[in-house]
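Close look at the chain arrangement
What follows is each chain in one-letter form.
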Amino acid sequence: MHIHLSYNDAAQSKLIHQAATAPAVHARPLPSIDSAGQFALLVNNTLVPTISNIDYDYAFFSPPSGPFTIRISHPNTPLTGARITPLKLKIQPTIDSAGVVTATLPGAGYYIIKLNSFTELVLLADKPEMMIPPSKGYNIFNVLTYGAHNDNTSLTATTTAFQSCLDAASKVSGTVYVPAGIYALGNITINSNTSLYLSSNSTLRFDPSHAYTIHWRKISQGRRPITYWISTAFNSTNIRIFGRGTIDGNGVASARSNFGNNLLVPISTTSFICSGILFKNSASWAVTPILCTHATFTDLKLLNRFRDSGENDGIDVMHSSHVLISNAIGIGLDDPFSTKTWRAGPEDITTSWPIPASGLPGLYNVTFEHTVSWTICFGLKIGAGVFTPQEDITFRHCVVYDTSIAIGIHFAYGTEWVKNVLFEDVDVEMCTWTNMAMRTWCAFFVTGGTDTEVEGKTVISEVVVRNVRVRDVGKTVAKIQGRDEGAGLVKDVVFDRVLLPTGSRAKTLSEMGFDGGVKFAEDVVVM
């Protein structure tokens, strides 16, 4: 496979002599709309392009199964230090006399590498693709055959071609095939019994100069218009989006146009699957499952910016049940992994929702597992909206690389409750950001909402924090706080096997940084 390279020659020259033959590594070429990153990278002696996302670089590739070797160099500066996240894997890089970093990684996964004082390099190492559909054949609908353009032009024609393919595929439980290329795309809707396959090296690109449908306006941002760029049909079922393509929200340009985009909105749908896709640079909350039942997101990559794009959450699960997010990385200004519930109304987020006659349901049985989070806000979060109940929520086998609040429950709006929450096997590596005047590893707190006429109402309860490694407790007090009026209690919180930065097991709230931070809370236990 020919790979377009645009590395600095000096960086490439340090590694190119090692890239003699190409073992089973599939590398994503540098897209024409992107800029090369600052590092040269070899994976098992195959040159893999690094791509700049301004705040960090990343590389997207599939290594062979099992351990693989990486080698990294910089064009102008010998590398002298390297740290590889997840730290719990205890990966020990070596650095040679030429300043080239070498490390053996245990297998496919998502890694963040800090090199000298440079911005980080993020490795998106997915397992090799399995079950790739043919580009043509029985019940295969190739968007190029229907008139789409894969050169980032002709948005209207391309959108028509995509929608025609999706509509045709729905009638026969078919697959829409998107070949390599860049597709400028308007709003599309996916109907029942449809698979959408984004091939490796394909990119769907948002164009803020186009007149997208306005689905809601965010009141907290001056009624900023926001669109559901790619969404499911209401009352749909059996929809799958898969492959190794990219859905690019063009977030900076969109934000400068004062326009937001939810990149993927599975809404009022059942049996939904999203697997392998890279979601990049949204100008609002990137992926928003709404009113979904039985939805699965695997090998999910959410790469947003830390600035210039507005509130760009990764995946926000809302009013849904039986949802699994597994093997995912989320990077961005705002919360990468969260749950929220809202109230039905004529404005803000619920404007275009198909509200059930019985009202909005609660949120139940949502699991986030095997995730890596890097954000200015909450690493793992419930809230801030709690207008309907949120119960049975699990975060497990998670790494928080850097954050302001690593694990959090924030009750700011609503009248209901959060109950039965598990944070298990979470590794908090750093808390270097500050948000809401907080820089801490843990905060369960109530700042608004609740029915203030009901004294002693419990709004956060049955929370277990188990097997958590806290490498950085932060700089501000950790919190377990209800509301001052006593109308929003926090109750039944258990800390079981929390390891402190020293490696010792915490025995008291004080050791975990909660001195002065526990108020209007009952039955808080350290085990």
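Computed from a predicted structure; not experimentally measured. (Residues numbered from 1 in each chain as written. Predicted model: local features only at pLDDT ≥ 70, side-chain atom pairs only at ≥ 80, totals over all residues. Heavy atoms only, no water.)

1. Observations regarding the sheet that holds strand S3 (residues 40-43)
To keep it simple, the criterion reads: Pairing between two strands is assigned when DSSP locates at least 2 bridges connecting them. Put simply, DSSP H or I for four residues or longer makes a helix, DSSP E for two residues or longer makes a strand, and each gets a number counted from the N terminus.
Ordered by their spatial adjacency, five strands build an open sheet running S4-S3-S7-S10-S9, and the pairing between neighbours is antiparallel. Two strands in the sheet have a free side with no partner beyond their single neighbour: strand S4 (46-48) and strand S9 (94-95).

2. Section: the nonpolar core
We count it as follows: Put simply, a nonpolar core is a bunch of buried Ala, Val, Leu, Ile, Met, Phe, Trp, Tyr and Cys residues held in one set by side-chain atoms that sit within 4.5 Å of each other. Each residue is assigned to one of three classes by its accessible area relative to the maximum for its type, calculated with a 1.4 Å probe on protein chains only: buried under 20%, partly exposed between the two thresholds, exposed over 50%.
By size, the foremost hydrophobic cluster in this structure holds 87 residues, and its most contacted members are Ile325, Phe423, Trp441 and Phe495. Residues Ala27, Leu79, Ile113 and Leu121 belong to the second largest nonpolar core, which totals 24 residues.

3. Some remarks on the packing of aromatic side chains
Using the following cut-off: By convention, a stacked pair of Phe, Tyr or Trp rings (six-membered ring in the case of Trp) has centres within 6.5 Å and planes under 30 degrees apart, an edge-to-face pair has planes over 60 apart, and any other such pair is tilted. Any Lys NZ or Arg CZ found within 6 Å of a ring centre and within 35 degrees of that ring's normal is scored as a charge over the ring.
Counting across every chain of the model gives 27 aromatic pairs. With a centroid separation of 6.4 Å and an interplanar angle of 25°, the aromatic rings of Phe206 and Phe259 are classed as stacked. A residue pair is termed long-range when its members are at least 10 positions apart, and Phe206 in the loop between strand S18 (202-205) and strand S19 (216-218) and Phe259 in the loop between helix H3 (251-256) and strand S23 (260-265) qualify at 53 residues. Residue Phe259 is classed as buried on the basis of its relative accessible area of 12%. Between Phe272 and Phe297, the aromatic rings sit 5.7 Å apart at their centres with planes inclined by 45°, giving tilted as the arrangement. Within this pair, whereas Phe272 is found in strand S24 (residues 267-275), its partner Phe297 is found in strand S26 (residues 290-303), the two being separated by 25 residues in sequence. For Phe272, a relative accessible area of 1% translates into the label buried. Three or more aromatic residues link up through ring pairs in this structure, and these residues are Tyr56, Phe306, Trp374, Tyr401 and Trp433. Positioned above the aromatic ring of Trp285 is the side chain of Lys340, whose terminal nitrogen or guanidinium carbon lies 5.4 Å from the ring centre.

4. A closer look at helix H2 (residues 155-172)
For clarity, the cut-off: Helix span is expected to be 1.5 Å times the residue number reduced by one. Any pair of residues with heavy atoms lying within 4.5 Å of one another is described as a contacting pair.
An ideal rise of 1.5 Å per residue puts 26 Å on 18 residues; H2 measures up with 26 Å between its terminal C-alpha atoms. All of the buried residues along H2 are Leu155, Thr158, Thr159, Ala161, Phe162, Gln163, Cys165, Leu166, Ala168, Ala169 and Ser170. Each element contacted by the buried residues of H2 is listed here: strand S13 (140-142), strand S14 (175-178), strand S15 (181-184), strand S16 (188-190), strand S17 (194-198) and S18. Following H2 by one or two positions, Ser173 adopts a phi angle in the positive range, close to 55°.

5. Thoughts on the environment of Leu115
For Leu115, the location among the structural elements is in strand S11 (residues 109-115). The exposure class of Leu115 is buried, given its relative accessible area of 0%. Taking the C-alpha atoms as reference points, Leu115 and Val101, 14 residues apart in sequence, are found 8.8 Å from one another.

6. Digging into the pattern of salt bridges
Let me state the cut-off plainly: Any Lys or Arg side-chain nitrogen found within 4 Å of a carboxyl oxygen on Asp or Glu counts as a salt bridge.
Applying the stated rule across the entire model yields 19 salt bridges. Across the salt bridge formed by Glu369 and Arg396, the nearest N and O atoms sit 3.1 Å from each other. In this pair, Glu369 is assigned in strand S30 (residues 363-375) and Arg396 in strand S32 (residues 390-402), connecting sequence segments 27 residues apart. In this structure, the salt-bridge partner of Asp496 is Arg505, at a minimum N-O distance of 3.7 Å. Among the residues examined, Asp496 registers a relative accessible area of 10% and is labelled buried. Each of Glu424, Arg466, Asp496, Arg497 and Arg505 takes part in salt bridges that share partners, so that together they form one network.

7. Side note on the confidence of the model for the protein
Selection criterion: Every residue is assigned a pLDDT by the predictor, reflecting its confidence on a scale from 0 to 100.
The pLDDT averaged across the protein works out to 94; a share of 95% of its residues lies at or above 70. Counting interchain partners and residues more than four positions distant, the pLDDT-below-50 stretch residues 1-22 has 51 contacts.

8. A look at the side chain of Asp316
Selection rule: Charge assignment: positive for Lys and Arg, negative for Asp and Glu; neither His nor the chain ends contribute. Here a polar contact is recorded for every N or O atom pair within 3.5 Å, except that within protein the pair must consist of a potential hydrogen donor and a potential acceptor, and residues adjacent in sequence are included only if both atoms are side-chain atoms.
Relative to the assigned elements, Asp316 resides in strand S27 (residues 315-318). Of the side chains with opposite charge, Lys340 comes closest to the buried, unpaired Asp316, at an N-O distance of 4.1 Å. A distance of 2.3 Å separates a polar atom in the side chain of Asp316 from a polar atom in the side chain of Ser338. With residues up to four places along the chain from it excluded, the contact list for Asp316 reads Trp285, Val287, Thr288, Pro289, Asp335, Ser338 and Lys340.

9. Quick word on the pairing of S18
Taking every second residue as pointing to the same face, both faces of S18 are buried, with Ser202 and Leu204 on one and Thr203 and Arg205 on the other. As defined by bridge partners, S18 adjoins strand S22 (residues 246-248) across three bridges and the pair is classed as parallel. Across the sheet, the residue bridging to Thr203 is Thr246, located in S22.

10. Considering the side chain of Glu369
For Glu369, a relative accessible area of 14% translates into the label buried. A distance of 3.0 Å separates the side chain of Glu369 from the side chain of Ser326, its partner in a polar contact. Only 3.1 Å separates the side chain of Glu369 from the side chain of Arg396, close enough to count as a polar contact. Leaving out residues up to four positions away in the same chain, Glu369 has contacts with Leu324, Ile325, Ser326, Asn327, Arg396 and His397.

11. A word on the state of the cysteines
Note on terminology: disulfide describes a covalent bond linking the sulfur atoms of two cysteines. How we decide: Note on terminology: disulfide denotes any pair of cysteine sulfur atoms within 2.5 Å.
Enumeration over the complete set of coordinates arrives at zero disulfides. The cysteine Cys165 is free of any disulfide, with Cys274 supplying the nearest cysteine sulfur at 19 Å. Overall, the relative accessible area of 0% leaves Cys165 in the buried class. Of all cysteine sulfurs, the one in Cys442 lies closest to Cys398, which takes part in no disulfide; the gap is 14 Å.

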